[in-house]
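Here is what each chain is made of, one letter per residue.
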Amino acid sequence: MKNKHLTLLMIVLCSVFSCTQQNKDDNTMLPVSDKFKDITAANYVDRMFKAVKHYDKEPRYFIRPVQNNCVFEILVNDIRVHEEYSMEVLGSPKSINHAILQSGPQTVTVRMYPLGDAMKRAYGTEKTITTLLPTTEMNISVVNYEAFNISQDLDDEIVVKEYHSPTKEGSDEFLGAGLPYYEYTFNFNAEVPYKLQGWRESQDLTKLDKDSLEAQVLSYYKKLKKVYLTKDEDALARTSFGDFLIIAQTDYFSKRDIQELWDEIRGNLYKKNMDFQPFENYVMNFYGNGNIVALRHPSKEPIDSRLRGRSAFWFKYETETSIRVFFPSIDLYLPKGEPLKNLRRIE
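Now for a look at the structure at hand. In this numbering scheme, every chain counts its residues from 1 along its sequence in written order. In view of the model being predicted, local features appear only for residues whose pLDDT reaches at least 70, and side-chain atom pairs are presented and counted only at 80 or more, with totals across whole chains, interfaces and linings using the full set of residues. As a rule here, side-chain values cover all heavy atoms of the structure and leave hydrogens and water aside.

Considering the pattern of salt bridges
Filter applied, for reference: Salt bridges are identified by distance alone: a Lys or Arg side-chain nitrogen within 4 Å of an Asp or Glu carboxyl oxygen. Accessibility here uses a 1.4 Å probe with only protein chains present; expressed as a share of the type maximum, an area under 20% marks a residue as buried, one over 50% as exposed, and anything in between as partly exposed. Only DSSP runs of H or I reaching four residues or more are called helices, and only runs of E reaching two or more are called strands; each is numbered from the N terminus.
If you walk through the whole model with that rule in mind, you get 18 salt bridges. Among the salt bridges present, the one from R80 reaches E73, with a minimum N-O distance of 3.9 Å. In this pair, the class of R80 matches that of E73, namely buried. One salt bridge in this structure joins E260 and R256, with 3.4 Å as the shortest N-O distance. One end of the pair, E260, and the other, R256, are both in helix α6 (residues 255-267), four residues apart, so they sit about a helical turn from each other. According to the relative accessible area criterion, E260 is partly exposed, its value standing at 43%.

As structure tokens, this is what we get:
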């Protein structure tokens, strides 16, 4: 009888181990570049620190947006760098280095939306504003610190470009007054010591069959969801490494910075009582001049203000005092010459 019980116990343990191993194996099905396939939770920090190059002068670029009577999104080289859907004004400049892959001309795109219900939420007014106003304006400064690693004093800040939203000829009235949406672009020149490939050498996803592409993005999101639910640190390390390496290089991360980054990434796997929300009510957005795709909730109203413009990959979790939400941006690309099934995180 004792041997029989022992045999049953071994069968149960083997079954549990087999299921766990199967979950791990399924997670490795997430596409990743060959050069990152040996990345693990254990070597993530050392490998990234070894890959990040440092320079005598490490320039950083920032934007300072100031808006009036609008909400907005800002993209640099068609990469989202900042959005504001409320009445708040950005207090500190926003770093944009992660959108700058090499020296030369850079393009800033400003997308302006009406206030909608932002006034209601901020001041309790009853009016919903559905068009941009004659007094709407959006002014942006691009600033540079030539050696951010040496000095970060305001006296060292250089204004590279200032741009004001256009007005009608002969007046101060906003050119887009009365419209439900307005977009403008301007260029500035950046000088950085690095040159990254990033998403530049990849396929134009806007030319692919939309249904097939959407199905592949959803497949990736569902597999990534499983990585979180199974708390597979190695799979998360592998699949996120290239994406965050761009940030680490363009912002010249130290080993301490990288360790803090990995601690945060890893920590997201252990948020309490993760409750993933359905992949629904999203739009398929393209960035990087068509080379990057992501599923996000719409930017235009009507939309739940809590979801507006946010990732369709999200979950609720518990803290000691409240229920919170986590919206990681999952941006995917497809290297040239590879099949759609290899769609993966940007790198």
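Structure shown, so let's carry the discussion forward.
Topic: the environment of R47
In plain terms, the rule: Throughout, a contact is declared for two residues whenever any of their heavy atoms are within 4.5 Å. Here a polar contact is recorded for every N or O atom pair within 3.5 Å, except that within protein the pair must consist of a potential hydrogen donor and a potential acceptor, and residues adjacent in sequence are included only if both atoms are side-chain atoms.
Looking at the element boundaries, R47 is found in helix α2 (residues 44-51). Residue class for R47 comes out partly exposed when judged on its relative accessible area of 28%. Between the C-alpha atoms of R47 and F36, which are eleven residues apart in sequence, the distance is 9.7 Å. Beyond its immediate stretch of four places on either side in the chain, R47 contacts K35, D38, I39 and F241. Of note is the side chain of R47, whose polar atom sits 3.4 Å from the backbone oxygen of K35.

Description of the packing of aromatic side chains
Put simply, the rule is: Each Phe, Tyr or Trp ring, with Trp reduced to its six-membered ring, pairs with another whose centre is within 6.5 Å; inter-plane angles below 30 degrees give stacked pairs, above 60 give edge-to-face pairs, and intermediate values give tilted ones. Remark: a charge is flagged as sitting over a ring if the NZ atom of Lys or the CZ atom of Arg is within 6 Å of the ring centre and within 35 degrees of the ring normal.
Within the structure shown, the criterion is met by 24 aromatic pairs. Residues Y113 and Y181 carry aromatic rings whose centres are separated by 5.2 Å and whose planes lie at 50° to one another, so their mutual orientation is tilted. Residue Y113 is found in strand β5 (residues 104-113), and its partner Y181 is found in the loop between β7 (157-164) and β8 (182-190); the two are separated by 68 residues along the sequence. The exposure class assigned to Y181 is partly exposed, which follows from its relative accessible area of 25%. Here the aromatic cluster, defined as three or more aromatic residues joined through ring pairs, consists of Y221, Y228, F276, F279, F313, F315, Y317 and F326. Positioned above the aromatic ring of F148 is the side chain of R60, whose terminal nitrogen or guanidinium carbon lies 4.7 Å from the ring centre. Positioned above the aromatic ring of Y181 is the side chain of K300, whose terminal nitrogen or guanidinium carbon lies 4.7 Å from the ring centre.

A short note on the sheet that holds strand β9 (residues 272-276)
For clarity, the threshold we go by: Two strands are said to pair when DSSP picks up at least two bridges between them. All axes are obtained by fitting lines to C-alpha atoms, using only the stretch in contact for helices, and the reported angles, taken between N-to-C directions, cover 0 to 180 degrees.
An order of β9-β12-β13 is seen for the three strands of this open sheet, with the pairing classed as antiparallel. Strand pairing shows two members of the sheet lacking a second neighbour, β9 and β13 (323-326), which therefore form its edges. Strand-to-strand twist in this sheet, taken as the mean axis angle between neighbours without regard to direction, amounts to 30°. Across three bridges, the pairing between β9 and strand β12 (residues 315-318) is antiparallel. Considered in β12, the bridge of K272 is made with E318.

What about the sheet that holds strand β4 (residues 94-95)?
Spatially, the four strands line up as an open sheet ordered β4-β1-β6-β7, and their pairing is antiparallel. Each having just a single partner strand, β4 and β7 make up the two edges of the open sheet.

So, the nonpolar core
This is how it is decided: We define a nonpolar core as any set of buried Ala, Val, Leu, Ile, Met, Phe, Trp, Tyr and Cys residues linked to one another through side-chain atoms lying within 4.5 Å.
Judged by nonpolar contacts, the single largest core of 83 residues is most densely connected at M48, M112, M138, Y221, L224 and Y228. With eight residues, helix α4 (residues 210-229) is the largest single contributor of residues to this core. Setting aside residues no more than four positions away along its own chain, L224 makes contact with L30, L236, T239, F313, I330 and R345. In terms of nonpolar packing, the next biggest core, distinct from the first, is built from six residues, V71, Y85, Y113 and A118 among them.

Examining α4
The following threshold applies: A helix is expected to reach a length of 1.5 Å times the quantity of its residues less one.
Here α4 spans 29 Å end to end across 20 residues, near enough to the 28 Å set by a 1.5 Å rise per residue. Residues L213, Q216, V217, L218, Y220, Y221, L224, V227 and Y228 constitute the buried set of α4. Between a side-chain oxygen at the N-terminus of α4 and the backbone nitrogen of D211 the separation is 3.3 Å; the capping residue is D209. Phi turns positive one or two residues past the end of α4, at K231, with a value near 55°.

Side note on unusual backbone geometry
At the junction of E301 and P302, the peptide bond is cis and its omega measures out at 5° in the coordinates. Note on placement: P302 falls in the loop between β11 (292-296) and β12. Located in the positive-phi region is N77, a residue other than glycine, with phi close to 55°. Note that N77 resides in the loop between β2 (71-76) and β3 (79-84). Of note in this structure, N273 is not a glycine but carries a positive phi near 50°. Position of N273 relative to the elements: it lies in strand β9.

Let's talk about the pairing of β11
In terms of burial, β11 is a largely internal element, five of the five residues being buried. Bridge analysis of strand β10 (residues 283-287) against β11 gives five bridges, and the strand direction is antiparallel. When the bridges of β11 are listed, F286 appears paired with V293. Counting the residues that bridge the hairpin from β10 to β11 gives four residues, and of these G288 lies at a positive phi of roughly 55°.

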